[in-house]
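Each chain, written out:
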Amino acid sequence: MKLLGNVDLLTSQTAIKFAAFIFISVSFFYLGKHWSDGSRQLIFFSRQSPSVTASYISTVGISPNFNKEFNISALISATEPETESKPVDPVKNDGKPVSASEAHSLQHPPTTPPPPPVIKSYGIVDENGTMSDEFEIGEFDPNLVENWGNGTETQEETKTEGATSTFRVKKFGLCDESMREYIPCLDNVEAIKRLKSTEKGERFERHCPEKGKGLNCLVPAPKGYRPPIPWPRSRDEVWFYNVPHTRLVDDKGGQNWISKKGKDKFSFPGGGTQFIHGADQYLNQISKMVPEITFGQHIRVVLDVGCGVASFGAYLLSRNVITMSIAPKDVHENQIQFALERGVPAMAAAFATRRLLYPSQAFDLIHCSRCRINWTRDDGILLLEVNRMLRAGGYFAWAAQPVYKHEQALEEQWEEMLNLTTRLCWTLVKKEGYIAIWQKPFNNSCYLSREAGTIPPLCDPNDDPDNVWYVDLKACISRIPENGFGANVAPWPARLQTPPDRLQSIHIESYIARKELFKAESKYWNEIVASYVRALHWKKYKLRNVMDMRAGFGGFAAAMIDNQLDAWVLNVVPVSGPNTLPVIYDRGLIGVMHDWCESFDTYPRTYDLLHAAGLFSVERKRCNMSTIMLEMDRILRPGGRAYIRDSLDVMDELQDIAKAMGWHPTLRDTSEGPHASYRILVCDKRLLRS
């Protein structure tokens, strides 16, 4: 009995524990269901009058558990008064009774899923969420447009020493609408009128305003101006109102240069006067004619003379060839403007009476397709300028009527060209169809073996073929360096980072560690540009036309390539420093000599990014910083940026000038930190309206 009592006691305790466990489990189950997702499921409903039989359906709103289904029929029956709980026979609109299934669907309508959110496309993301180039650029963001007005505002400042007073420009006004495409040194009408002669093309050369009479206002954009179409689409089409001129369409439409596309665009089929079937086919023909012309390897830097809208250079870009496309601002005055709007390297320049602003042995190939230049005039002085710029062993391609037409006058021109090129020691490599291709010799041996008195003679040994700033053309043959400098360049892309031989001929203070300086500059800019890409998101800006205003050895441009930015850089070498242009071209880059106290030979609104490192601290000794800043504003596109890297003592004045031009400047520390003597001034240009 005692044992049985213990068993009963034990059994009763176990039963109690088991019952408690079941109770707690059931309680937690209902509590968990009741308080799911950590918050109470609140169900709201409204009751409509039962007199409207077909509308006797409870309207349900669920919060915050959106898009969840609940069985509310039990709730309705539990909450309705007993007098209203009797169902009313539903009827159709025609008064006939409905079936049981129809009545059920009326009282229990199907749950309709909410509509999907509207997909908004920003930039180049299409409605499927994929990247695409097929999109349209709209008007400027209103936040990037400012109502500026026309008047210039000044502020008087008095200096305590000597009680002298000066005037500071607080706000530069907009120029007259007629100046929207103004190039100060090419549009100086008064200076052109004073020329003694214009028969040799002198009117197309630089004639800058006198000091103090230059640009003192902001060149306005045309009405309807839009952010440019990004590359590579810009190669094939641009906005009409960015370059609102149809003269080229009227004159060259039948030659596949350019055509009007709808009401708001120009399109570029890729043709030219001598290659109306397309530049690609034309380039293939040149490669087949001379297999040694390997585009993108030994042929990296090209000059296109009389370029039209630069389709020749535009299609060479896909073959890893960079082309400097040049043409004068003549009757077809907007061809260079179209080229730059397309995103193709180009400058306004003319073969007239002065040397072009490029060094000797700069180009691997020089091309002229119906460029309307008389190469044989004045003892061949213009072709001698081609010879100066052509690299030893480089090629000259001429596509013109004298090559293929058999009229007497044209045949005489062809004989004159053959005679001149023979005296220049050029070799006619191939003549096929309407193209003739010559090759320049690799050394001076042919020149020295000519008969005495042969015209043209060799230039004086003291003549510097790299001296180009306002230097007259000379009717003599530029000598090829005896040490082979300029001819011995590595194939692309190795030449980009290979210190060239001509590095030793640059007049700089260092005479020993030049290769180390070259490599150090490349490493320095590579790290900086990489940081810009990483921290300042440069790849988002869709940079295309870039100018380095103080290029050195071209390290900044090389870093842009190394960091895979799809942009081209025009390297500008100021006349105030050493002439490093030969090194830049030997690296496979392009550049030009320039004096920043004068205007640059390009149209307004042609660059996306201007980069100036150490420029102002040097040039302020020669001219006003506002002169340079106003020129920067002229050539920078609305929405473009300027990166000015310079010493602290010029930054305050530069910020004041930037604000007076309507720019939005931001001062940043360099990687050396806040105590460094240098800063970076980042300026955003807005679209200004009067």
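Look up: the structure comes first, before these words.
Model, not experiment: these values are computed from the prediction.

**Student:** Outline a negative patch on the surface, listing residues and values.
**Tutor:** A contiguous patch of negative charge, built from Glu407, Glu411, Glu412, Glu415 and Glu416, is present on the exposed surface. Here Glu415 shows up in helix α11 (residues 408–423).

**Student:** Residue-level account of the pairing of strand β10 (residues 322–327), with values.
**Tutor:** Burial runs high along β10: six of the six residues are buried. Burial along β10 is two-sided: Ile322, Met324 and Ile326 facing one way and Thr323, Ser325 and Ala327 facing the other are all buried. Bridge count between strand β9 (residues 301–305) and β10: five bridges; the pairing is parallel. Note on β10: the bridge partner recorded for Asp304 is Ser325. In this region the chain leaves β9, passes through helix α7 (residues 311–316) and returns to the parallel neighbour β10; the handedness of that crossover is right-handed.

**Student:** Tell me about the side chain of Arg645, and name the residues and values.
**Tutor:** Relative to the helices and strands, Arg645 resides in strand β20 (residues 636–647). Buried and without a salt bridge, Arg645 has Glu672 as its closest oppositely charged side chain, separated by 6.1 Å. Only 3.1 Å separates the side chain of Arg645 from the side chain of Tyr532, close enough to count as a polar contact. Leaving out residues up to four positions away in the same chain, Arg645 has contacts with Tyr524, Trp525, Ile528, Tyr532, Ala612, Ala613, Gly614, Met651, Thr670, Tyr678, Arg679 and Ile680.

**Student:** With reference to specific residues and values, describe the state of the cysteines.
**Tutor:** A covalent bond between the sulfur atoms of two cysteines is referred to as a disulfide. Within the structure shown, the criterion is met by six disulfides. Among the cysteines of the protein chain that take part in disulfides, numbered as they appear in the sequence, the pairing is 1-4, 2-3, 5-6, 7-8, 9-10, 11-12.

**Student:** Tell me what's going on with the pattern of salt bridges, and back it up with residues and numbers.
**Tutor:** Applying the stated rule across the entire model yields 30 salt bridges. Notably, a salt bridge pairs Glu631 with Arg634, separated by 2.8 Å at the nearest N-O pair. Placement of both Glu631 and Arg634 in helix α17 (residues 625–635) is noted, with a separation of three residues, approximately one turn of the helix. Each member of the pair, Glu631 together with Arg634, is buried.

Conventions and cut-offs
In this convention, every chain numbers its residues from 1, walking through the sequence in written order. At least 70 in pLDDT is required for a residue's local features to be given in this predicted model, at least 80 for side-chain atom pairs to be given and counted, and no such filter applies to totals for whole chains, interfaces and linings, which use all residues. Each side-chain value is worked out from all heavy atoms of the structure, with water and hydrogens disregarded. Residues form patches when they are more than 30% accessible in relative terms and have no salt bridge. Like charges link within 9 Å. Nonpolar side chains (Val, Leu, Ile, Met, Phe, Trp, Tyr) link within 5 Å. For the accessible areas, the method is Shrake-Rupley and the probe is 1.4 Å, while residue cover comes only from the protein chains on display. By convention in these notes, a salt bridge is any Lys or Arg side-chain nitrogen within 4 Å of a carboxyl oxygen on Asp or Glu. Working convention for charge: Lys and Arg count positive, Asp and Glu count negative, and His plus the chain ends are omitted. Charged groups are reduced to one reference atom each: NZ for lysine, CZ for arginine, CG for aspartic acid, CD for glutamic acid. Elements are defined by DSSP. Helices are runs of H or I of four residues or more, strands are runs of E of two residues or more, and each kind is numbered from the N terminus. Working definition: with a 1.4 Å probe on protein chains only, accessible area under 20% of the residue-type maximum means buried, over 50% means exposed, and in between means partly exposed. Here the rule is simple: two strands pair whenever DSSP picks up at least two bridges between them. For the handedness criterion, the strands are oriented away from the viewer, and a crossover whose path from the first strand over the helix to the second runs clockwise is classed as right-handed. N or O atoms closer than or at 3.5 Å make up a polar contact, with two conditions inside protein: a donor-capable atom paired with an acceptor-capable one, and, for residues adjacent in sequence, both atoms drawn from side chains. Contacts are assigned to residue pairs with any non-hydrogen atoms lying within 4.5 Å of each other. For this text, the term disulfide refers to a pair of cysteine sulfurs within 2.5 Å.

All we've got here are geometric facts, nothing functional implied.
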